[in-house]
Amino acid sequence: MTEKQLIELLNDLSFEEKIGELQQLSGRVYFGDDGIITGVDSNENLTEQEVNRSGSVINVVGPDKILKVQKNHIKNHPHHIPMIFMLDIIHGFGTSFPTPLAQSCSFDPELVKEIAHESAVEACNAGLHVTFSPMVDICRDARWGRVMEGSGEDPYLSSKMAEAAVLGYQGDDLSKEGTIAACVKHFAAYGMVEAGREYGTVDTSERFLRQYYLPSYKAACDAGSALLMTAFNANGGVPSTGDKHLLVDILRDEWGYNGAVITDYGSIRSMYSHGVTKNAKESAKLAMDAQVDIEMCSYCYHNGLPELVKTGEISMEQIDRAVLRVLQLKNKLGLFENPYRFTDAKKSLEVINNKTAMDLAQKAVSKTSVLLKNEDKILPLKKEEKIAFIGPYVYENDMYGGWSIRNQRKVEPRNIETVVKEKYPQNEFVFEQGSELLGADEPILKYDRARGSTLEFEADATARKQKIEKAVKAAKTADTVVMCIGEHTKVGGELAAKAYIDIPKIQKELFDAVAAVNKNIVVVLFDHRPLDITDISKKSKAVLNVWFPGIKAAEGIVDMLFGDAAPTGRLTMSFPYTVGQCPIYYSQLPTDHSPVIESVYATGYIDCQLTPLYSFGEGLTYTDFEYGELKLSKETLSQGETLTVSIDIKNIGERDGVETVQLYIRDIFASVSRPLKELKGFKKVEIHKGETVTVEFTLTPEDCMFYNTQLEYVWEPGEIQVFVGPNSKIEKFKSFELV
Ligand code: GLC
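Residue indices begin from 1 for each chain and proceed along its sequence in written order. This being a predicted model, a pLDDT of at least 70 is required before a residue's local features are given, and a value of 80 or more before pairs of side-chain atoms are given or counted; all residues contribute to the totals for chains, interfaces and linings. Note that the side-chain values use all heavy atoms of the structure and ignore hydrogens as well as water.

(A) Structural view of the overall build of the protein. Secondary structure counts use DSSP, requiring at least four H or I residues in a row for a helix and at least two E residues in a row for a strand, with both numbered from the N terminus. In terms of regular secondary structure, the protein is built from 22 helices and 27 strands. Taking 27 Å as the expected radius of gyration for a compact globule of 739 residues, we find that the protein reaches 26 Å, a close match to that expectation. Expressed as lengths along the three principal axes of its C-alpha atoms, the size of the protein is roughly 75 × 65 × 45 Å. Note on classification: 1.4 Å probe, protein chains only; a residue is buried when its accessible area is under 20% of the maximum for its type, exposed when over 50%, partly exposed between these limits. The buried share of the protein, taken over its 739 residues, is 62%. For the protein, the proportion of contacts with a sequence separation of at least 24, taken over those separated by at least 6, is 79%. For the protein, the accessible area works out to roughly 27500 Å², and carbon and sulfur atoms hold 51% of it. Measuring between centres, the 81 positive side-chain charges of the protein sit 3 Å from its 106 negative side-chain charges. The reference for a compact globule is 2.2 Å times residues^0.38; the radius of gyration itself is calculated from the C-alpha atoms. Contacts are assigned to residue pairs that have any heavy atoms within 4.5 Å of one another. Accessible surface is estimated by sampling points in the Shrake-Rupley manner with a 1.4 Å probe; for residues, cover comes only from the protein chains shown. A residue counts as positive if it is Lys or Arg and as negative if it is Asp or Glu; His and the chain ends are not included. For charged residues, the charge sits on one atom: NZ in Lys, CZ in Arg, CG in Asp, CD in Glu.

(B) Summary view of the nonpolar core. Each nonpolar core is a collection of buried residues, namely Ala, Val, Leu, Ile, Met, Phe, Trp, Tyr and Cys, held together in the definition by side-chain atoms within 4.5 Å. Ranked by size, the top nonpolar core spans 152 residues in total, and within it Phe-187, Leu-227, Leu-305, Met-483 and Ile-533 carry the most contacts. Counting residues in hydrophobic clusters, the runner-up holds 41 residues, among them Leu-381, Phe-429, Tyr-447 and Val-524.

(C) Local environment of helix H20 (residues 505–515). Turning to H20, its buried residues number three or more, namely Ile-506, Gln-507, Leu-510, Phe-511, Val-514 and Ala-515. Take H20 and look down its axis: the buried residues cluster within an arc of 165°, on one side only. The secondary structure elements touched by the buried residues of H20 are strand E12 (387–390), helix H19 (461–476), strand E14 (480–486), strand E15 (521–526) and helix H21 (534–538). The arc refers to the directions leading from the helix axis to the C-beta atoms.

(D) A look at the site of the ligand. Throughout, near means a residue has at least one heavy atom within 4 Å of the molecule or strand. Taken together, 14 residues form the shell around the ligand, and within it Thr-38, Asp-88, Arg-146, His-186 and Asp-264 come nearest. Each polar contact in these results corresponds to two N or O atoms within 3.5 Å; when the atoms are within protein, one needs to be able to donate a hydrogen and the other to accept it, and residues that are neighboring in sequence are counted only if both atoms are side-chain atoms. For the ligand, an oxygen atom lies 2.6 Å from a polar atom in the side chain of Asp-264. If the ligand stood free it would expose 310 Å²; the protein chains cover 99% of that surface. The residue classification treats Ala, Val, Leu, Ile, Met, Phe, Trp, Tyr, Cys and Pro as nonpolar and Asp, Glu, Lys and Arg as charged. All others, Gly included, are polar. Partitioning the shell around the ligand into residue classes produces seven nonpolar, two polar and five charged.

(E) The pairing of E14, seen in detail. Where burial is concerned, most of E14 is hidden: seven out of the seven residues are buried. Of the two faces of E14, the one lined by Thr-480, Val-482, Cys-484 and Gly-486 and the one lined by Val-481, Met-483 and Ile-485 are each fully buried. Strand pairing follows a simple DSSP-based rule, namely that at least 2 bridges must link the two strands. Of the pairings in the sheet, the one linking E12 to E14 comprises four bridges and is parallel in character. Counted as the bridge partner of Phe-389 is Val-482 from E14. In terms of strand pairing, E14 meets E15 through six bridges, oriented parallel. In the strand pairing of E15, Val-481 is matched with Ile-521. When the strands point away from the viewer and the path from the first strand over the helix to the second turns clockwise, the crossover is right-handed. With H20 bridging E14 and its parallel neighbour E15, the resulting β-α-β unit is right-handed.

(F) Seen up close, unusual backbone geometry. Geometrically, the link from Ser-133 to Pro-134 is a cis peptide bond, its omega value of 10° lying close to zero. Among the structural elements, Pro-134 can be located in the loop between strand E4 (130–131) and helix H8 (155–170). Along the chain, Cys-582 connects to Pro-583 via a cis peptide bond; the corresponding omega equals -5°. One can find Pro-583 in the loop between helix H22 (553–561) and strand E17 (625–627). Look at Asn-353: it is not a glycine, yet its phi comes out positive at around 60°. Among the structural elements, Asn-353 can be located in the loop between helix H16 (345–351) and helix H17 (355–368).

(G) Seen up close, the sheet that holds strand E3 (residues 84–87). Taken in spatial order, the eight strands make up an open sheet running E9-E6-E5-E4-E3-E2-E1-E10, and their pairing is parallel. The open sheet has two free edges, formed respectively by strand E9 (260–262) and strand E10 (295–296), since each of these has just one partner strand. As defined by bridge partners, strand E1 (residues 23–26) adjoins E10 across two bridges and the pair is classed as parallel. Across the sheet, the residue bridging to Gln-24 is Met-296, located in E10.

(H) Structural detail: the environment of Cys-221. Structurally, Cys-221 can be placed in helix H10 (residues 215–222). Looking at Cys-221, the relative accessible area reads 10%, which means it is buried. Each C-alpha atom of the pair Cys-221 and Ala-182 lies 9.8 Å from the other, and the pair is 39 residues apart in sequence. Here Cys-221 is in contact with Val-184, Leu-228, Leu-251, Trp-255 and Tyr-257, once residues within four sequence places are set aside.

(I) Quick peek at the pairing of strand E16 (residues 542–545). Burial along E16 is two-sided: the residues Ala-542 and Leu-544 and Val-543 and Asn-545 are all buried. Bridge count for strand E11 (residues 370–374) against E16 is four bridges, and the pairing is antiparallel. Bridge pairing links Asn-374 to Ala-542 in E16. Strand direction decides the pairing type here: E15 and E16, joined by four bridges, are parallel. Paired with Val-523 across the two strands is Val-543, which belongs to E16.

Shown next as structure tokens:
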């Protein structure tokens, strides 16, 4: 439809139809409790007529179901306006890819774009129109369960991944097959919840908000994200879903964003929980004044807007503006011309787990896994050795991680034992589970079973002891032990904040028993978040952090263990020594007094080191690289100029490899305190054995901009240090002067 036709349609709608367009229903309205549940529904008894006027629905899955609901809706809607079908497709639809945090460790936006595209291809024929992804909240506290959904601690890297995901989902025309609309979330700064507490308090200065936490949302908006989702949290006591300064002054007026803003699940209603509104009407007023367009699964607009319009507290212009954005979104999706879009049950079955997607899923495992330690180059394994594979993840097929309950796969994933035996049938390998994933003594007090996952806890002490004994027996006679251990595959994502970030006690007991009889331990670590693996790392020769790698986890991990693929991931979130260091991140501000006074006044702790166990950007591979002299093309840089940074890198190892070259800057003195390092560039470079390549970056004054005390985005004259290397721990630098 043309814009003119949309306006005509808008003007023809009744008031009730307009309010309906702003309402998102949960699939449970149609399918009761056998639908997917991702939030607490209000038990609103809408009339059939009200249901038939709703603009969108969440959590209806399956092309047949979607066709049935859509056909009925179009028939019964007074203007036959189609609904939008939305779902959380966080890291794959039929083909489960590595979690977003894992994907960010690839430092490969092209990979993230490909994964988003393949997810859209599978979801599109299944009848879905919108995914609630990418989540781009900056996360620096491993206690928060949702760090798995983001791209870690750094704004620059997260921005690149956000842009890639949006382009991958949406392509260049949302009316085309193989596309779904992106919805960047959770606006804003949900990842900064105090102490990682789920739904916790956020309190960041506007300067830090703009400097560190908003850039990744803006990158997604600038890439064209069709929707943006408001966050549950308040910032400084102002609920994000009703924050006019955030949603209007910054998002709409400063950024010029005119996409559809949708709330998180019931987050208009949640303003009541923040103690900021007393009823639906007050919540509706705050949200509508903040230009929130779609209310997800609560009914404050439905119940509050009629009266607000009657009293003139809300104008029809405000309502019309919101409704028009919803109609424009439907128009972008081509729903007026093609109301069933590309929903096709037969084609969906063909497309799910297609070869391109499955090959990508396997390739992604090594690109997202991070080799944290590899003493004596124990990896890759030697096939002729006697190897014991021990741990619950040797036999676990579900290595998907959180937000995978919607998986519409038709191919069942395999486990590590199956794949090893198939690939190396003649070899002397032994396999022992050693323990269940969780024991009865885990400090898990509660878990949200509504997300379709139930947790089992090993309560049989005898069975627990016998499994460990069998594992120890196998370890005693092995040359090398591969321990496949980690967090429970479902204890991650929303409602999975943890005060203890250790691996489950039952698995640590297993690990310690095995480590007592064999020193050649390779740990394959499964996690949603950085864990406290200080003791495990000390007692292991290698730690391969695979996160949750998805449907081709077993194949991808075995490829790496035996060297058919090399891990090339780099950490995008620091691994703390202990949970007491959280939140922890590389781009700390220079608060250390010791250079000025004396070393005893150094920042940090008296009982723990200041730096993490493993830092941002860290990761090994199966060869080594040597960095040459850093060169800058000029000593001063002015407005309108560029400066070239170059460095030679040699592969001095025994095999070809991929290096992730990282460029950081430090603005030594400025009108506000600037971080010790800030990532401003990265490149994946393939370097053959013995080869030297020259890697170049360009810097401009714009790369050195920041928000000053007046919240102006500026750069200031002065010394800028430039670091180029394999991780954020680089110390060597060269300087130039901004003039
Ligand atoms: C949840 C999550 C959000 C998700 C939405 C819909 O509560 O906060 O990330 O997209 O509800 O499931």
